[in-house]
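Given next are the chains, with one letter for each unit.
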Amino acid sequence: MTTAVDERPDIIDVDDRVREGSTSQIQDMPAYREHWSRGEADPSGYWLAQTKQRVHWRKAPTQGLEGDCWSVCDGPITWFADGELNVTESCLDRQLAKRGDKVAIVWEGDEPGDVRELTYKELHAEVCRCANALRELGLKKGERAIIYMGMVPEAAVAMLACARLGAVHSVVFGGFSAEALRDRVRDCGASVVITQDVGKRGSKNIPLKATTDQALEGEAGVEAVLVYQRDASVEVAMKAGRDHWWHETVSPASAECEAVVCKAEDPLFVLYTSGSTGRPKGLVHTCGGYLTWTAYTHAVTFDLREDDVYACVADIGWITGHSYIVYGPLCNGATSLMFESVPTYPDVDRYWDMVARHKITIFYTAPTAIRVLAAQGPGPVRKHDLSSLRVLGTVGEPIDPVAWRWYYEVVGQERCAVVDTWWQTETGGHCITPIAPATPEKPGSATLPMPGIMPVLVNEHGRPMVGPGEGRLCIAHPWPGMARTVWGDHARYVMTYFTTFPGFYFTGDGCRRDADGYYWITGRVDDVLNVSGHRMGTAEFEAALIAIDELAEAAVVGYPHAVKGQGVHAYVVAQPGVEADDALTAKAHEAVRGSIGAHARIDRLQYVPGLPKTRSGKCMRRILRKIAEGEPDKLGDVSTLADPSVVDAIIEGAKSFG
Ligand code: ATP
Ligand code: MG
């Protein structure tokens, strides 16, 4: 017996969501389970089918995966090894027929309303011009180009132009110092640097060209510097013979450029990790697998539709910008917004103003930004019409349930799916995340693995765990988007990811699995505390502390304790205007006891003016750990720190604990 569709509200519900042009194939949980099972039973078959649907191949691959988490010791794994493509043909050329006049990139400049739109046709032409110019400057297939720019469309153009030539780009976040830039230029052996005169952020000029000059002093390997002019009123020095203006080199070049055909496993880019846990690693992503993974996850996680206005407000200097501003969205023919400014300029309602003006449907940001904006209350959000929003995403850190609820209730008006996407530079794209609108969410949980991802929790003895529990998060099987190696140092790649738990990719993160099979990232494994035999995630302490209205941010680390094994040192930042008095301290202790239990006791509570953050906004806990351990002289690599002065203040304050 069959039931009429209109008698089954669950089906109507789903049908309603599947609008024309939805490129996700996973709209409900049965479809999710089916795809996940297919990806597990026959990974090569599943991904060969997916890549042929989503990526434009010159020569379609017949090979799926070669290698596994053991064989990486002998050399990189491969996906689609006999396939040939140029990723820009997927992102540009094949879009021209159907989407030539569709906006590919909508750019919102530093000043609100300073907007530029590039259609797929225009973007294609500009990428070809830039590729021709770079070829003239000597850039060849396989050679590296560093891109050190702000958030202008030309940064995406530069990335794609390198890809058009089969050259390898390495984007360095525009906030980095000359020293950090020089390290990366040297590490990847770049022959070309692409930069701009100045970057703009919150009405300030960022002297990108001047910093480049400083970084390149004495670096003979860099033969050419291409400079985009963002602000003609700013004078910058140009070195004759080496430096070339974009408008003099790129603009007059031909708008046609034959794409260089690459092998699936040719490197597409090198990207250095944020450096939260140590010296940054230059991870290598390759053409075929990476593009497949980003296109797939971008369409599936966000339930992408043809008429979406999609906005990821990350910086292209991070993997989030690579995968989810440039490659995934363009491969899917989406309209992708690029944002040059900061969430608080000129006011704290900047994001919401932008959502309303551009009628953004999918909005993707980081928990650190959500916390900052939530502290402003609902007022700045309610000033704007956010009815266009359908899906909200976060990435970068665990999102505490309080911030999650604020995002869901105040920004999403309890109408939007919230996707808390867990992934890493190394993973290329989303690995554990809700899939909108299929996955039922739980605030603070990254929920369930993507098809193709087989997570394993490993206990202290190195054994895989079954069922609910807490352990170290590993992935048992290679997926197309995983980084293949560390540039020039495959041994470091193997050491870092495949030797801790042989046979598994080790993420470095701790994680809890609940009775429903949902995953809760607890933070870095190095951050798990062991107090008198109790294992506790620092993220749990921090969530309890941030839930207090008077506290803006918290970071908790362990330090050696004679009796308990480890003591708990909490660094907390009070909200502006709040006095850090005994009553607040008592409240903090009470909150932790109340939410975790009596065994959770903070031994040292230190009020600090701010937390040491990386340029990508992540807390560098290893610095806080060194300070708590009484070794402030052994902080290690601090080149990616956003504001070093905060560290001095924290070291000073910690002296009171002796
Ligand atoms: P490094 O590896 O140099 O220390 P990093 O790990 O900060 O730098 P990224 O690759 O940018 O560099 O960050 C990945 C890490 O971010 C993950 O390992 C995880 O700790 C954290 N992370 C990302 N998204 C989430 C999320 N949704 N929930 C919890 N943690 C997340
Ligand atoms: Mg990492």
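Residues numbered from 1 in each chain as written. Chains lettered and ligands numbered in written order. Predicted model: local features only at pLDDT ≥ 70, side-chain atom pairs only at ≥ 80, totals over all residues. Heavy atoms only, no water.

**Notes on the overall build of the chain**
- Of regular secondary structure, the chain possesses 21 helices and 30 strands.
- Here the C-alpha radius of gyration of the chain, 24 Å, is about what a compact globule of 658 residues would show, namely 26 Å.
- Taken along the three principal axes of its C-alpha coordinates, the chain extends 75 × 70 × 55 Å.
- Going through the 658 residues of the chain one by one, you find that 61% of them count as buried.
- Contacts in the chain between residues far apart in sequence, at least 24 positions, make up 71% of those at least 6 positions apart.
- Roughly 24,300 Å² of accessible area belongs to the chain as shown, and the carbon and sulfur atoms make up 50% of that amount.
- Across the chain, 67 positive and 87 negative side-chain charges occur, with their mean positions spaced 2 Å apart. (Helix = DSSP H or I, 4+ residues; strand = E, 2+ residues; numbered from the N terminus. Rg over C-alpha atoms; globule rule 2.2 N^0.38 Å. Buried < 20%, exposed > 50% of the residue type's maximum accessible area, 1.4 Å probe, protein only. Contact = heavy atoms within 4.5 Å. Areas by Shrake-Rupley, 256 points an atom, 1.4 Å probe, with all protein chains shown as cover. Lys, Arg positive; Asp, Glu negative; His and termini not counted. Charge placed at Lys NZ, Arg CZ, Asp CG, Glu CD.)

**Section: a negative patch on the surface**
- Together, E179, D183, D187 and D489 line one region of the surface with negative charge.
- Structurally, D489 is set in the loop between β23 (485-486) and α17 (490-498). (Patch = residues over 30% accessible without salt bridge, like charges linked within 9 Å, V, L, I, M, F, W, Y side chains within 5 Å. Salt bridge = Lys/Arg side-chain N within 4 Å of Asp/Glu carboxyl O.)

**What to know about the domain arrangement of the chain**
- Partitioning the chain into structural domains gives domain 1 (21-449 + 464-512) and domain 2 (532-657).
- Of note, the centres of domain 1 and domain 2, computed from C-alpha atoms alone, are 31 Å apart.
- Counting residues at the interface gives 23 residues for domain 1 and 20 residues for domain 2.
- For the pair domain 1 and domain 2, the summed buried surface comes to about 1,700 Å²; carbon and sulfur atoms form 54% of the total.
- The largest per-residue losses of area from domain 1 upon contact with domain 2 belong to S274, S276 and R371, which jointly make up 24% of the total buried on that side.
- Where domain 1 meets domain 2, there are 0 salt bridges.
- Our enumeration of links across domain 1 and domain 2 arrives at 2 residue pairs in polar contact (both at pLDDT 80 or more).
- Breaking the side of domain 1 that touches domain 2 down by element, the ones donating at least two residues are α8 (178-188), α14 (367-374), α16 (401-411) and β22 (469-475). (Domains from an automatic or database assignment. Buried area = accessible area lost by both parts, 1.4 Å probe. Polar contact = N/O pair within 3.5 Å; in protein donor to acceptor, adjacent residues only side chain to side chain.)

**Here we look at the packing of helix α2 (residues 29-41) against helix α3 (residues 43-54)**
- Taken N-terminus to C-terminus, the directions of α2 and α3 make an angle of 120 degrees; their axes are 5 Å apart at the nearest point. If you check the angle between α2 and α3, you find them oblique. Each of H35, R38, G39, E40 and A41 in α2 lies in contact with α3, whose residues at this interface are P43, Y46 and Q50.
- Class assignment for the residues of the contact of α2 with α3 results in 3 nonpolar, 3 polar and 2 charged. (Axes fitted to C-alpha atoms, helices over the stretch in contact; angles between N-to-C directions. Parallel < 35°, antiparallel > 145°, perpendicular 65-115°, else oblique. Nonpolar A, V, L, I, M, F, W, Y, C, P; charged D, E, K, R; others polar.)

**A word on the site of ligand 1**
- In the vicinity of ligand 1, 20 residues are found, and the nearest of them are T273, S276, T277, T425 and K618.
- Between ligand 1 and E397 there is a distance of 3.3 Å, counted from a nitrogen atom to a backbone nitrogen or oxygen.
- Here an oxygen atom of ligand 1 sits 2.8 Å away from a polar atom, N or O, in the side chain of R524.
- Summarising the interface, the protein chains cover 95% of the accessible area of ligand 1, which totals 640 Å² for the free molecule. (Near = heavy atom within 4 Å.)

**Overview of empty space enclosed by the protein**
- A complete count under the given rule lists 3 cavities of 30 Å³ or more for this structure.
- In this model, the largest cavity occupies a volume close to 40 Å³.
- Residue lining of the largest cavity: V171, V172, F173, F176, R184, L271, Y272, T273, G317 and W318, and that is the complete set.
- Residue classes in the lining of the largest cavity are distributed as 7 nonpolar, 2 polar and 1 charged. (1 Å grid on protein atoms, 1.4 Å probe; cavity = no way out; pocket = protein on both sides within 12 Å on 5 of 7 lines; lining within 4 Å. Points joined across faces, edges and corners; volume = space filled by probe spheres on them.)

**Some details on unusual backbone geometry**
- Residue P346 is reached from Y345 by a cis peptide bond, and omega for that bond is -5 degrees.
- Here P346 shows up in the loop between β17 (335-339) and α13 (350-358).
- Cis peptide bonds are those with omega within 30 degrees of zero, and the linkage from A436 to P437 qualifies with -10 degrees.
- Tracing the backbone shows P437 in the loop between β20 (417-420) and β21 (455-458).
- A positive phi is found at S203, a non-glycine position, where the angle reads about 70 degrees.
- Its place among the elements puts S203 in the loop between β9 (199-201) and β10 (204-206).
- Judged by relative accessible area, S203 falls into the partly exposed class, the value being 49%.

**What about the nonpolar core?**
- Counting residues in each nonpolar core, the largest one holds 123 residues, and the members touching the most others are L123, L134, I194, V326 and Y327.
- Once you skip the residues sitting within four places of it in the chain, V326 turns out to touch A156, M159, L160, I316 and G321.
- Counting residues in each nonpolar core, the second largest holds 30 residues, with V313, I360, A369 and I399 among its members. (Core = buried A, V, L, I, M, F, W, Y, C linked by side-chain atoms within 4.5 Å.)

**A look at the state of the cysteines**
- A full pass over the atoms with the stated rule returns 0 disulfides.
- Cysteine C262 is unpaired, with the sulfur of C287 as its nearest cysteine sulfur at 4.7 Å.
- For C262, a relative accessible area of 4% translates into the label buried. (Disulfide = S-S within 2.5 Å.)

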